[in-house]
Number of protein chains: 2
Amino acid sequence: MATPEDARRANRSLLLGTLHRDGPLSRADLAKRTGLTRATVSAVVRDLIDESVVEELGIRAAGGVGKPATLVGIDADGRHVLCIDVSEPAEFVGAVVNLDGKVVVRRTYDRKGRTGRAAVTLLKRICRELVHDAEGPLLGVGIASPGIVTTEGVIVTAAHLGWTDVPLALELSTELDLPVHVVNDANAAALAELTFGEPTAPHLICVRVDEGVGVGLVLDGRLFTGSSHAAGEIGHVVVDDGGAVCACGKRGCLETEVSEPLLDRRLEEDGADEAAVLRAAGTHLGTALATVVGALDVTEVVLSGPPTVSTETFRTATTEAIASRTLPVIGARLVVRPSTLGFDDVIVGAAARVLDQELGIR
Amino acid sequence: MATPEDARRANRSLLLGTLHRDGPLSRADLAKRTGLTRATVSAVVRDLIDESVVEELGIRAAGGVGKPATLVGIDADGRHVLCIDVSEPAEFVGAVVNLDGKVVVRRTYDRKGRTGRAAVTLLKRICRELVHDAEGPLLGVGIASPGIVTTEGVIVTAAHLGWTDVPLALELSTELDLPVHVVNDANAAALAELTFGEPTAPHLICVRVDEGVGVGLVLDGRLFTGSSHAAGEIGHVVVDDGGAVCACGKRGCLETEVSEPLLDRRLEEDGADEAAVLRAAGTHLGTALATVVGALDVTEVVLSGPPTVSTETFRTATTEAIASRTLPVIGARLVVRPSTLGFDDVIVGAAARVLDQELGIR
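Residues numbered from 1 in each chain as written. Chains lettered and ligands numbered in written order. Predicted model: local features only at pLDDT ≥ 70, side-chain atom pairs only at ≥ 80, totals over all residues. Heavy atoms only, no water.

Overview of the overall build of chain A
Filter applied, for reference: Secondary structure follows DSSP: runs of H or I at least 4 residues long count as helices, runs of E at least 2 residues long count as strands, and numbering of each begins at the N terminus. We compute the radius of gyration over the C-alpha atoms and compare it with the globule rule, which gives 2.2 Å times the number of residues raised to the power 0.38. Buried, partly exposed and exposed residues are distinguished by accessible area as a fraction of the type maximum, computed with a 1.4 Å probe on protein chains only: under 20%, between the cut-offs, and over 50%, respectively. Whether two residues are in contact is decided by their heavy atoms, any of which lying within 4.5 Å being enough. Reported accessibility uses the Shrake-Rupley method at a 1.4 Å probe radius. Residues are deemed covered only where the shown protein chains occlude them. His is not counted here, nor are the chain ends, while Lys and Arg score as positive and Asp and Glu score as negative. Just so you know, the charge point we use is NZ for Lys, CZ for Arg, CG for Asp and CD for Glu.
For chain A, the count of helices and strands is 12 helices and 16 strands. A compact globule built from 362 residues would reach a C-alpha radius of gyration of about 21 Å, and chain A, at 22 Å, matches this within 12%. Overall, chain A is about 70 × 50 × 40 Å in size when its C-alpha atoms are taken along their principal axes. The proportion of buried residues among the 362 residues of chain A is 56%. When contacts within chain A are restricted to residue pairs at least 6 apart in sequence, those whose partners lie at least 24 apart make up 60%. On chain A, roughly 14,700 Å² of surface is accessible, and the fraction owed to carbon and sulfur atoms is 50%. Positive and negative side-chain charges in chain A, numbering 35 and 50 respectively, have mean positions lying 5 Å apart.

Focus on helix α6 (residues 185-196) of chain A
Because an α-helix packs 3.6 residues into every turn, residues spaced three or four apart end up facing the same way. Residue and element names in this part refer to chain A. Our working rule: Given a helix with a known number of residues, its expected span is that number minus one, times 1.5 Å. Distance and chemistry together define a polar contact, namely a pair of N or O atoms within 3.5 Å, with one atom able to donate a hydrogen and the other to accept it when in protein, and with adjacent residues in sequence counting only for side-chain atoms on both sides.
An ideal rise of 1.5 Å per residue puts 16 Å on 12 residues; α6 measures up with 16 Å between its terminal C-alpha atoms. Among the 12 residues that make up α6, 11 are buried, leaving the element largely enclosed by the rest of the structure. Among all positions in α6, only Asp-185, Ala-186, Asn-187, Ala-188, Ala-189, Ala-190, Leu-191, Ala-192, Glu-193, Thr-195 and Phe-196 are buried. Regarding α6, its N-cap is Asn-184, as a side-chain oxygen of that residue lies 2.8 Å from the backbone nitrogen of Ala-186 further along.

Quick word on the sheet that holds strand β13 (residues 213-219) of chain A
Residue and element names in this part refer to chain A. Filter applied, for reference: Only when DSSP finds a minimum of two bridges between them are two strands counted as paired. Interaxial angle, 0 to 180 degrees, is taken between N-to-C directions of lines fitted to C-alpha atoms, where a helix line uses only the stretch in contact.
In space, the five strands of this open sheet follow the order β14-β13-β12-β15-β16, with mixed pairing throughout. With partners counted over all chains shown, the strands left at the sheet margins are β14 (222-224) and β16 (335-338), one partner each. Each neighbouring strand pair of the sheet contributes to a mean axis angle of 30°, computed without reference to strand direction. Pairing of β13 with β14, which is carried by three bridges, proceeds in the antiparallel orientation. By the bridge assignment, Leu-219 is partnered in β14 with Arg-222. Set on the sheet, helix α10 (residues 312-324) makes contact with β15 (300-304) and β16; between it and β16 the angle comes to about 155°.

A short note on the packing of helix α1 (residues 4-22) of chain A against helix α3 (residues 38-50) of chain A
All names here are of chain A. Cut-off, in case you're wondering: Every angle not falling under 35 degrees, over 145, or within 65 to 115 is termed oblique; those three ranges are roughly parallel, roughly antiparallel and roughly perpendicular.
With their axes 10 Å apart at the nearest point, α1 and α3 run at an angle of 80° to one another. By the criterion of interaxial angle, the relationship of α1 to α3 is roughly perpendicular. Between α1 and α3, the residues in contact are Arg-8, Asn-11, Arg-12, Leu-15 and Leu-16 and Thr-40, Val-41, Val-44, Asp-47 and Leu-48, respectively.

Remarks on the environment of Leu-48 of chain A
All names here are of chain A. For Leu-48, the position within the fold is in helix α3. Given the relative accessible area of 1%, Leu-48 is considered buried. C-alpha separation for the pair Leu-48 and Pro-4, spaced 44 residues apart in sequence, amounts to 17 Å. Look past the residues within four positions of Leu-48 in its chain and what remains in contact with it is Arg-12, Leu-16, Val-53 and Val-54.

A word on the side chain of Asn-98 of chain A
All names here are of chain A. Inspection of the secondary structure assignment puts Asn-98 in strand β5 (residues 91-98). Looking at Asn-98, its side chain comes within polar contact range of the side chain of Asp-77, at 3.3 Å. Not counting residues up to four positions away in its chain, the partners in contact with Asn-98 are Ala-76, Asp-77, Arg-79, His-80 and Val-104.

What to know about the pairing of strand β15 (residues 300-304) of chain B
Residues and elements named next belong to chain B. Of all five residues in β15, five are buried, a share of seventy percent or more. Where burial is concerned, the two faces of β15 agree: the one with Glu-300, Val-302 and Ser-304 and the one with Val-301 and Leu-303 are both buried. By the bridge criterion, four bridges tie β15 to strand β16 (residues 335-338) in an arrangement that is parallel. Bridging across to β16, Glu-300 finds its partner in Val-335.

Things to note about the pairing of strand β6 (residues 103-110) of chain B
A regular strand carries its side chains on alternate faces of the sheet. All names here are of chain B. Relative to β6, strand β5 (residues 91-98) runs antiparallel, the two being bridged by seven bridges. Within β6, the position partnered with Ala-95 by the bridge is Arg-106. Between the end of β5 and the start of β6, which pair antiparallel, lie four residues, with Gly-101 showing a positive phi angle near 80°.

Written as C-alpha cells, this is what we have:
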C-alpha cells in the first residue's frame, strides 16, 4: 500500500509532468487537470518553488470566464543537470543542461583512446570541471554510456571502453556528493525523444550508431529495457553468416558492417564511393532492424549518431531494407528520421534520465 | 478524471484479479490486500455473487489470531465462456471453458479447406451448437484467429482463411446476442500463459506454429500488440534470401520453412529423416527469433503448436540457433519450453481474453 512519502512523490511527479507537457498553468488549472485538491496543489507547488524547480510567471489576465490567476511553470534554469556522453569513439562530451533540455554549456574532451580506469579518471575530471562551471544549484549528474547498464548505474559491460562491472553511479556520487544516474546511450537518445522531442506514436525504435550500434525502445510510452538491461543490444545480431570476424568471436555481426569508426574508415579509403558505402551500411542496418520492426509493429524509427547516418542515402537504404522485409502494412507506415534533438540527443537524454529519476518527469 | 462507473469497474477488476491469483480469501483479507474499504469490498462481492462470478466457500476456522471468516473465491463454473480456435489447418476447435481456464466441453469440426464466407458460416454453426451445449449462463464468446485482429474484433487480414476486413466480433455478437472478443492465436497462447500458466518472468515470447507462424509478446506483464495490431507477425521475416517463393510474393520468408502443413509434408515424404527435418525447421525458427530475443532481451520462449514443435529435437535446434546469434548473457538465461497449458493453450487463451475484457481479470 502507498505510504505518505509514495503519495508525495506521485503528486510531485504528476504536477511536474503536467507542467512539463502543458505548462505554464495556474494552480486552479493544475488541480482541474490532475484531480488533486487545490490545497495539495498549493502545498506541492510551494515546495517546488522553494527547490527552484518551479517558478511563478506573473498574472494571466482574466478572460471571459475566471479570475486573473498567477501562472506557474518549470523554472528551466532554476536547477541544472551535469551530463557526460562517453559513447563517441574520439571524444567525451560534457554539458550543463537545463530543465527544458537546453544545453547551456558544452565541452568536448579528446578521449585519446582511453579505456578501463583511465577512461573513468577522465570522466571524473570532466565532472569536477563541470561542477566548477555550473552557476545554479545542480539537480544531479547523468552519464550516457554504451553497453549494458543496470538501473543502479553499474556498467555490466561496455566492450569499447573496456569496462566490466564498473559501479559508475556509486563511484561518482561518492566523489561528487550528487545523485548520479547512468543510462545506455541508445536508451538516452530514446529518452530524449520521449521527454523533449516530438514523438508522434506511443512506440519508437531509436537506433544509435557510435563505436558500435544499439537500439533504445520506447513501448507504450515507456523505455523498455528487458530482462537483464540488455534490450536493444542488436550490435551482435548476425547479418552475414560469411561476414568478417567480430570482436565478440562470431562472424558477420551487425557491428562488423555498421559503426562510426568503420564508416569513417570506409569513407576515407582511396576512391571510396560515398553513396555506395552509405547504401551498403544502411541496407545492413535495415536488414537487422526489419525483424525487430516487424515483430514489434513499431513504425517510427529514429536514427542517432554521426552526420553520415542522417544522410538521405543512408536513411533511404535503411528504409528500403526494412520495407522489403516486412509486411506491406508496416512498410506503408514506416518513418525513418533523424532525432528531433540533433546531435546532442544523447546528452539531452542523459538529462532526461535525471529528470525522470529525481523529479518523476517523463 | 474517473467516473463512478470507471471506479466500479476498477474495483471489480482489482478484487477479481486478487481472487484469481490468491483466492479464496475472506472479505477482510480482500480489503487488506487491495486497500479498498470493507464496505466497498462487501458491496462489490455481493454484486459478483449475484452474477455467479464469485461464490462463498464456507467458514475458515479461527487461527491464533483473527475471527472465523467466510471465504469467497471465483465461482469457476458459475459462468462459462464459449471459445473457438480457427487457427489450425485441418479443423476448427470449439470448447466451453470455465472461469478457471478448464476446458469443460471440447469438439472438433473438420474444416474441409473452407475459407472466406464458408469458414465464417462454419464458425457460426459451431457457436450455435456450443450455445446449445452450454449448461450455465455464458460470460461471452472468445475467438482465436490467425492474422491481424483489431481490438474491436475486426480481422484485418488472415491469409490462410481468405479473410480481409471481416468484422467478426460484430457479426457474431449480433447473431448470438453475447459479447464476442476476437484475438490473434499467438496472442491467445501468450494470454493463456499469462492468465492461467506459470510465467516466471514479466516478459514472454510465445511462438505459435499453425498454418503459418506468429509470435505473441508479453512485455512488462501485458500483451504488446504494436502500432497496428501486427506485433508478432514474424511469418514473413526473410530467413533465406535465396529461399522458396512465399504466398506473399517474397522469397525465403520464415513461413516457407516453418508451418504445420509444411512440417507434416516434409515428415511424410518417402525416406524423410525426422530428426533432420525438425532440426532444420527449429534452426530457421531460432534464426528469425534471435533478433527479437536479442533486441527485447526476453529470455523466456514458449512454443505453441502441433506435437512436432514440442519435441526435444525441435526445441534444442531453436535454442541453439538463438543462443549462437545473441549475446552470451542472453544465451545463458534462455529457456525454450512448451506451453504449460498443453495443446489447448489457444482455446484457453481465447477464454482469457474474454475474462480480461468482461471482468478485468488478467
